[in-house]
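# Summary of the model geometry
Okay, here's what each chain looks like letter by letter:
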Amino acid sequence: MDTGRTAAGHGATLAGRRVAIAGGSKGIGRCIALAFAGAGASVSVCARGQQGLAALARDAQDQGTPLHTHAADLSGLEQIGGWLENVAEALGGIDVLVNNATGYGMADDEDGWAASLQVDLMAAVRASRLALPWLRASTDACILNLSSIAAQQPRPGAAPYAAAKAALSHYTTSQALALAQYRIRVNAIAPGSIEFEDGLWDRRRVDDPALYHGTLAKIPFGRFGRPEEIAHAALFLCSPLAGWITGHVLNVDGGQVLMG
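Residues numbered from 1 in each chain as written. Predicted model: local features only at pLDDT ≥ 70, side-chain atom pairs only at ≥ 80, totals over all residues. Heavy atoms only, no water.

Check the secondary structure of the protein and you find nine helices and seven strands. Relative to its length of 260 residues, the protein is compact, with a C-alpha radius of gyration of 17 Å against a globular reference of 18 Å. Each principal axis of the C-alpha distribution contributes one length, and for the protein these read about 50 × 35 × 35 Å. Summarising the internal contacts of the protein: among those between residues at least 6 apart in sequence, 73% fall at separations of at least 24. In the structure as shown, the protein presents an accessible area of about 11,700 Å², 54% of it carried by carbon and sulfur atoms. Distance between charge centroids for the protein: 6 Å, based on 20 positive and 23 negative side chains. (Helix = DSSP H or I, 4+ residues; strand = E, 2+ residues; numbered from the N terminus. Rg over C-alpha atoms; globule rule 2.2 N^0.38 Å. Contact = heavy atoms within 4.5 Å. Areas by Shrake-Rupley, 256 points an atom, 1.4 Å probe, with all protein chains shown as cover. Lys, Arg positive; Asp, Glu negative; His and termini not counted. Charge placed at Lys NZ, Arg CZ, Asp CG, Glu CD.)

Throughout the structure, instances matching the rule amount to eight salt bridges. In this structure, R18 engages D95 in a salt bridge whose closest nitrogen and oxygen atoms are separated by 2.8 Å. Taken together, the positions of R18 in strand 1 (residues 18-22) and D95 in the loop between helix 4 (77-91) and strand 4 (96-99) put the pair 77 residues apart, joining distant regions of the chain. The buried category is assigned to D95, whose relative accessible area is 6%. One salt bridge connects R205 with D202, and the closest N-O pair in it is separated by 2.7 Å. Taken together, the positions of R205 and D202, both in helix 7 (residues 200-207) and three residues apart, correspond to about one turn of that helix. (Salt bridge = Lys/Arg side-chain N within 4 Å of Asp/Glu carboxyl O. Buried < 20%, exposed > 50% of the residue type's maximum accessible area, 1.4 Å probe, protein only.)

What follows is about the sheet that holds strand 7 (residues 249-252). Spatially, seven strands are ordered 3-2-1-4-5-6-7 in an open sheet, and the strand pairing comes out parallel. Of all the strands in the sheet, the pair left with one neighbour each is strand 3 (68-71) and strand 7. With strand direction ignored, the average angle separating the axes of adjacent strands in the sheet is 15°. Contacts from helix 3 (residues 50-63) reach strand 2 (42-47) and strand 3, with the element oriented near 175° to strand 3. Along the sheet, helix 5 (residues 110-137) makes contact with strand 4 and strand 5 (142-146), crossing strand 4 at roughly 175°. (Pairing = 2+ DSSP bridges. Axes fitted to C-alpha atoms, helices over the stretch in contact; angles between N-to-C directions.)

Applying the stated rule across the entire model yields zero disulfides. In this model C31 remains outside any disulfide bridge; the closest cysteine sulfur is found in C238, 15 Å from its own. Accessibility expressed as a relative area gives 3% for C31, which makes it buried. In this structure C238 is not part of a disulfide, and its nearest cysteine sulfur, from C142, lies 3.8 Å away. (Disulfide = S-S within 2.5 Å.)

What follows is about the confidence of the model for the protein. Predicted confidence across the protein gives a mean pLDDT of 93, with 95% of residues reaching 70 or more. Here residues 1-10 is a poorly scored stretch, pLDDT under 50, and it has 22 contacts once near neighbours within four places are set aside; other chains count. (pLDDT = per-residue confidence, 0-100.)

So, on to the packing of helix 2 (residues 27-38) against helix 3. Packing of helix 2 against helix 3 brings their axes to within 10 Å, and their N-to-C directions diverge by 30°. With respect to helix 3, the axis of helix 2 lies roughly parallel. Handedness of the helix 2/helix 3 crossing: right-handed. On helix 3, the residues touching R30, A33, L34, A37 and G38 of helix 2 are L56, D59, A60 and Q63. Across the contact of helix 2 with helix 3, the residue classes tally to five nonpolar, two polar and two charged. (Parallel < 35°, antiparallel > 145°, perpendicular 65-115°, else oblique. Left-handed = near helix turned anticlockwise from the far one by under 90°. Nonpolar A, V, L, I, M, F, W, Y, C, P; charged D, E, K, R; others polar.)

Overall, the coordinates contain two aromatic pairs when judged by the stated rule. An aromatic cluster is present here, built from W201, Y212 and F224 joined pairwise through their rings. (Phe/Tyr/Trp six-rings, centres within 6.5 Å; stacked < 30°, edge-to-face > 60°.)

If you want it as structure tokens, here you go:
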């Protein structure tokens, strides 16, 4: 994959940057990790599944940009702290933190709410707080949170996921204001419906074709998004090209929210 090299060719180089990505073994996180590595950054990726991390490491090696991996459950404070300590030791510090983990808490029940609040929201809060000493020591630090356009409209299903992402979007703006004194930029990306192999929309294409095609009909560009397109936006927001951007939640959705 040449995602990172393509973006770097347009000036979004991240050479020498030390990047910690929470939740990056597949889909959007995987593409972000490979793109950052391809743009010259030193990258550490944390995820729960060792198998996915091993596959990511092989892909990065094949790309010629090896990266660091660490298996941990991001719903736990201690495991997040252990990962960040490991990152700082392996990379020599942290310049960029990407909070991408999701618990996919779709059901409106105790488990659904717990998954969304603990992983989509609190993992980002905890990682940001614990990474702050290293970010403050950086000369060009930033945090990038992965929210969702689901946060922006009421919806009959997946209420826990949408509510947690709405809280994350708001937290992004609060972080940006609080951390500006340390010259730490904080932004978020709100992806639209993104399709990739064995991802949510790939499964729904088979399991719930009515929902799949109904959603597709509401995307003005007439297709689902690709993880690489989120990675391109992530590279931009974490690069010097976005040096005067903070507190922004960027929709990357092919105009999906325009259709309600």
